[in-house]
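# Coordinate inspection notes
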Amino acid sequence: WFAPSSLAYHADLIYVAGERSGEVLALLADEGRELWRVKVGDDATGLALDPTGTSIFVCTTQPEDRVLVLDARTGRRIASYPAGRGVCSPVAGTNALYVCHRFDHTVGVYDLRTGIRRAQIPVLREPTAAALSPDQLTLVVANLLPSGLATRPDVVASLSLLDTTRLTVRKEVRLPTGSTAVRGTAIDPSGRWCAVAHSLGRYPVPTTQAEHGWMSVSVLSLLDLQAESLKGAVVLDEPRNGAANPWGVAWAGKYLYVTHSGTHEFSRIEVDALLARLTEAGTGGVVNDLE
């Protein structure tokens, strides 16, 4: 019922948003003991900590689309302000809060301290995840679904690269053809790579291969932020063991982690090995396995 959808960590506390229960709770990291729990609405579609770790920004769409500001130590509500339809996936910078307005197909930019909306930037289709580069100059936005007609031969979802200084879309980067259901995105600490978890429909493949699970696969794509282009992608599924519904992505040292909500598992991928495989496959190529 709680259905954890997002979490954040600072100092000795872990904060978790329950999408279905509409609650946010704080846990003591060392003990796992619950410190506080508050109701924010009928759902909680994302949370983010401000850089100082003193405030939490929580998105809720029910009973109305809003961003709530909570005191990180007590859970006390500090402020609340309206947002666009389907608000989710907040990202906090030093001076600005970025939130995805999924059903308005926009990204809202809010003043971190006042909550005043500074801009509403149009993107392609249903933004549902975002990541801010370490220098805070680029926001990578994952568009959940492809834009345009599904009958086109090059149906593909894309990433929108937002210039946070000019508050405009600087570039759209296409994922491999057939990509859809783009859920998770994360930028490595160096700011060079952005990892993106999504599904990929292989509609050009003959349906005789359906029994092998080759028609729809789970994929991790890697974006080169320096070149602003796709480095490549790797299939996360194993021959007899699918990696359904890739979702959250996180960098930790020499590894990348991807959660699979459909199979209640996660993948751990060695970054150097991944880069070597993608380089071998060529720019934009899709590697069929990690072995």
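Calculation notes
Residues numbered from 1 in each chain as written. Predicted model: local features only at pLDDT ≥ 70, side-chain atom pairs only at ≥ 80, totals over all residues. Heavy atoms only, no water. Helix = DSSP H or I, 4+ residues; strand = E, 2+ residues; numbered from the N terminus. Rg over C-alpha atoms; globule rule 2.2 N^0.38 Å. Buried < 20%, exposed > 50% of the residue type's maximum accessible area, 1.4 Å probe, protein only. Contact = heavy atoms within 4.5 Å. Pairing = 2+ DSSP bridges. Axes fitted to C-alpha atoms, helices over the stretch in contact; angles between N-to-C directions. Salt bridge = Lys/Arg side-chain N within 4 Å of Asp/Glu carboxyl O.

Broken down by element type, the chain carries one helix and 24 strands. For the chain, whose C-alpha radius of gyration is 19 Å, the value lies close to the compact-globule estimate of 19 Å for 291 residues. For the chain, the spread of C-alpha atoms along the principal axes amounts to about 55 × 45 × 35 Å. A buried classification covers 52% of the 291 residues belonging to the chain. The long-range fraction of contacts in the chain, counting pairs at least 24 apart against all pairs at least 6 apart in sequence, stands at 38%.

Quick look at the sheet that holds strand S6 (residues 55-60) now. Across the sheet, four strands lie side by side as S5-S6-S7-S8; this open sheet has antiparallel pairing. The two strands at the open ends of the sheet, each matched to only one other strand, are strand S5 (46-49) and strand S8 (77-82). Each adjacent strand pair in this sheet contributes to an overall mean axis angle of 20°, direction not counted. As defined by bridge partners, S5 adjoins S6 across four bridges and the pair is classed as antiparallel. What sits directly across from Leu49, in S6, is Ile56.

Another aspect to go through is the sheet that holds strand S18 (residues 193-201). Hydrogen bonds between backbone groups are what pair the strands of a sheet, and the pairing can be parallel or antiparallel. As summarised here, the arrangement of the five strands in space is S17-S18-S19-S20-S24, forming an open sheet in which the pairing is mixed. The open sheet has two edge strands with one neighbour each: strand S17 (179-187) and strand S24 (285-287). The sheet shows a mean angle of 25° between the axes of neighbouring strands, direction not considered. In the sheet, S17 pairs with S18 via six bridges, with the strands oriented antiparallel. Bridged to Thr185 within S18 is Val196. Each of S18, strand S19 (216-224), strand S20 (229-235) and S24 is contacted by helix H1 (residues 271-281), which is oriented at about 110° to S20, the strand it contacts most.

Further remarks concern the environment of Leu70. Position of Leu70 relative to the elements: it lies in strand S7 (residues 66-71). Assessed through its relative accessible area of 1%, Leu70 is described here as buried. C-alpha of Leu70 to C-alpha of Ser80: the two residues are 10 residues apart in sequence and 9.0 Å apart in space. When near neighbours in sequence (up to four residues on either side) are disregarded, Leu70 contacts Val24, Trp36, Val38, Val40, Thr54, Ser55, Ile56, Val58, Gly75, Arg76, Arg77 and Ile78.

Mapped onto the elements of the fold, Leu222 is located in strand S19. Assessed through its relative accessible area of 2%, Leu222 is described here as buried. Between the C-alpha atom of Leu222 and that of Leu278, which follows or precedes it by 56 residues, the distance is 8.8 Å. Residues within four places of Leu222 in sequence aside, it is in contact with Trp193, Cys194, Ala195, Leu230, Lys231, Gly232, Trp251, Leu274, Leu275 and Leu278.

Turning to unusual backbone geometry, a few remarks are in order. With omega at 10°, the peptide bond leading from Gln62 into Pro63 counts as cis. Inspection of the secondary structure assignment puts Pro63 in the loop between S6 and S7. In this model, Ala181 sits at a positive phi of 50°, which is unusual for a non-glycine residue. Here Ala181 lies in strand S17. Overall, Ala181 belongs to the partly exposed group, its relative accessible area being 23%. The phi angle at Glu228 is positive, at roughly 55°, despite the residue not being glycine.

Bringing the pattern of salt bridges into the picture now. Evaluated as defined, the whole model comprises 11 salt bridges. One salt bridge in this structure joins Glu228 and Arg170, with 2.7 Å as the shortest N-O distance. A residue pair is termed long-range when its members are at least 10 positions apart, and Glu228 in the loop between S19 and S20 and Arg170 in strand S16 (residues 168-174) qualify at 58 residues. Classification of Arg170 as partly exposed rests on a relative accessible area of 35%. One salt bridge connects Asp224 with Arg192, and the closest N-O pair in it is separated by 2.8 Å. Separated by 32 residues along the polypeptide, Asp224 in strand S19 and Arg192 in the loop between S17 and S18 bring together distant segments of the chain. Taking the relative accessible area as the measure of exposure, Arg192 reaches 29% and is therefore partly exposed. Linked by salt bridges that have partners in common, Glu23, Glu34 and Arg37 make up one network.

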